[in-house]
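Okay, here's what each chain looks like letter by letter:
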Amino acid sequence: MCGIFAYLNFCVPKKRKEILDKLIKGLQRLEYRGYDSAGIGVDGGNDIEKSEQSTILIKKRGKVINLQEEIQGREDLNFDLEFETHLGIAHTRWATHGVPNNVNSHPQRSDSANEFIVVHNGIITNYKDIKKFLVGKGFEFESDTDTEVIAKLLKYMYDTRENDGISFRELVEGTVQQLEGAFAVVFKSTKFPGQAVASRRGSPLLIGIASKSKLSTDHIPILYSKGADKNEGDGTVTGNNKDALNSANSTSSFQPANGDGQVEYFFASDASAIIEHTNRVIFMEDDDVAAVTDGCLSLHRIRRSVDESSTRQVQTLQMEIQQIMRGNYSTFMQKEIFEQPESVVNTMRGRINFEADTVHLGGLKQHINELKRCRRLIFIACGTSYHSAMATRQLLEELTELPVMVELASDFLDRKTPIFRDDVCFFISQSGETADTLMALRYCKGRGALTVGITNVVGSSISRETDCGVHINAGPEIGVASTKAYTSQFIALVMFGLMMCEDRISMQQRRKDIIQGLKELPDKIKEVLKLDEEVHSLAQELYQQKSVLIMGRGYNFATCLEGALKVKELTYMHSEGILAGELKHGPLALVDKAMPIIMIIMKDGTYTKCQNALQQVVARMGRPILLCEKGDTMSQKDAHRVMELPGIVDCLSGILTVIPLQLLSFHIAVLKGCDVDCPRNLAKSVTVE
């Protein structure tokens, strides 16, 4: 969803053009998250000694390039003006309250003088109550957004302050305490030049630190504004502050070690916007407030919670800048589809010993006994991640001999599903920040269930809040429509099933067959990717159609759902994934010679039943496009078109059958002139309900 990027240079002279270029580049790195407008806020002058500065806001509906052109066309900006210390904030907005336009774009402001401005990712659920209160105090609103109330509430807090010595951070703390809902926010003020304050609750935010000198600390203790402990609020390391005691370098705030004060801070919604500047980051936790004053970063909380960490670690990102570049591909999605032979290897690397037929998932090792003793497995996810659980449900039931439930997170929460202490709940999310999945995690955690995270982003909320988990190691996924994360999630869940049945004698041959299939998988994926030209030819036949049906059953029903979702997301064409066993219960009425129908028939336990469905379609003048195994002449004789796929152990066939559908949706989108990486109305990381 919305993307936040902010850049603060302290004692590091930068020309305005350099600052603006950094802000624009940061927004471009966040474009994949989905957005409809963009904006920035920067200083008007460069005299940091003044008690107040002016702030310039530039906002534009549409793409970041539109904002860039607007900036370049501004004659009132002196691009050569140099700033020794400066804070610039930037934002890409995905509309939730108010249509996409310049006024509703962020940053939102407190007043016409831009005294306080804010960029925000999330939704404020009580904004109407706050707005009513502020209107009663004489405030006038210019936008339709929920975000504007944040800036104006902060202005109200400042105007009604009890003393002039109140800090920017204290004002923000007082403001965010009044907010309900999900948010990540970064604030800038003319009243506090050169200072930045940020906070988060439910939406992701991280801080990057760049300094030529060695960092003065690798752990930053949390400073508490109020609480029972006598040392809270003074930065003192107390006796129970174990995290801080483990680090000899811990101090109460971060600052460069060499004393020259030169440091740059970056605030961003995710690491892709920061990695080209620094790989040293701090992942903020819910209700953290980060403040940069005189070049020093400190982290604060209003109150202490039970069992929470009392420090935040400065972590080193393993991401490389090349991973978030397109290379020779036309789009990120195309690149990510063709990366799957490597991404599946990365998911398995160090976890499967193909010689000994063993599987080791280090993130689950300490909880393996609890996992084996549970009464049921519950997989909770949204969208593509939900489909990865659907794709492996049958296999997990077979290998674990446990009841397996697969739940859509939003529906799971609506039903207030009963959860017990001996349940194990899996939460699957590429970003690790999906709002509904995260809320379901907290719901289950509060009821005592063991929680397991399956994510692709180290340091994400789900990876931090679950009891244990598996990082899928698929690498950064920039395209909004998930591809390689789906296949890596699939494999991670298969490996979990293999680990659960390692001591069952009756399962040994089945385990060996699956492990051998995993060993062959990268080469089989490469073979499927060679069908790209054939898929492109099919796309030319289909791209002007209004609808497409995708049918299958057994291990490939989830492939039908995922393939249909990809077509919807990328091409805006109606598509439906249909369980072939339900054909006679309604969907058969849609079949005629004009309706495009894709059928998946692999040689597994449902092969004969799929043949029956194929005959029913052909009997109604249907012209099925078939995905089948090489040499399956029985199926091919009744098909309108055929794509032959290599054979593999039945439970892994869903990985091979989904790739042609990924390619098909990509090629149709290109032929229709759609934005492949950023489909309309969609966002990569869904951080609101």
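Caption draft 1: Region of interest: the overall build of the protein. Per the secondary structure count, the protein includes 20 helices and 30 strands. Taking 689 residues into account, the globule formula puts the C-alpha radius of gyration at 26 Å, and the protein, at 27 Å, falls close to it. Each principal axis of the C-alpha atoms in the protein carries an extent, and together these give about 85 × 55 × 45 Å. When each of the 689 residues of the protein is scored for burial, the buried share is 61%. Sequence separation of 24 or more characterises 76% of the internal contacts of the protein that already satisfy a separation of 6 or more. Approximately 26,900 Å² of the protein is accessible, and the part contributed by carbon and sulfur atoms is 46%. Averaging the positions of the 80 positive and the 89 negative side-chain charges in the protein gives two centres separated by 3 Å.

Caption draft 2: Layout of the pairing of strand 1 (residues 3–10). Burial within strand 1 is extensive, with eight of its eight residues counted as buried. Side chains of strand 1 alternate between two faces, with G3, F5, Y7 and N9 and I4, A6, L8 and F10 buried alike. With seven bridges joining them, strand 1 and strand 6 (residues 86–93) adopt antiparallel strand pairing. Note on strand 6: the bridge partner recorded for I4 is H91. Here strand 1 runs beside strand 13 (residues 263–268); their pairing, made up of six bridges, is antiparallel. Residue N9 lies in a different strand from strand 13, and its bridge partner there is E264.

Caption draft 3: Representation of the sheet that holds strand 29 (residues 623–629) in the model. Read from one edge of the open sheet, five strands run 27-26-28-29-30, paired in parallel fashion. Two strands close off the open sheet at either side, each with one partner strand: strand 27 (574–579) and strand 30 (641–645). Ignoring which end each strand starts from, the neighbouring axes of this sheet average 20° apart. Pairing of strand 29 with strand 30, which is carried by five bridges, proceeds in the parallel orientation. In the sheet register, I625 faces strand 30, and the bridge partner there is R641. Lying on the sheet, helix 17 (residues 557–571) is in contact with strand 26 (547–552), strand 27 and strand 28 (596–601); it crosses strand 27 at an angle near 175°.

Conventions adopted
- Residues numbered from 1 in each chain as written.
- Predicted model: local features only at pLDDT ≥ 70, side-chain atom pairs only at ≥ 80, totals over all residues.
- Heavy atoms only, no water.
- Helix = DSSP H or I, 4+ residues; strand = E, 2+ residues; numbered from the N terminus.
- Rg over C-alpha atoms; globule rule 2.2 N^0.38 Å.
- Buried < 20%, exposed > 50% of the residue type's maximum accessible area, 1.4 Å probe, protein only.
- Contact = heavy atoms within 4.5 Å.
- Areas by Shrake-Rupley, 256 points an atom, 1.4 Å probe, with all protein chains shown as cover.
- Lys, Arg positive; Asp, Glu negative; His and termini not counted.
- Charge placed at Lys NZ, Arg CZ, Asp CG, Glu CD.
- Pairing = 2+ DSSP bridges.
- Axes fitted to C-alpha atoms, helices over the stretch in contact; angles between N-to-C directions.

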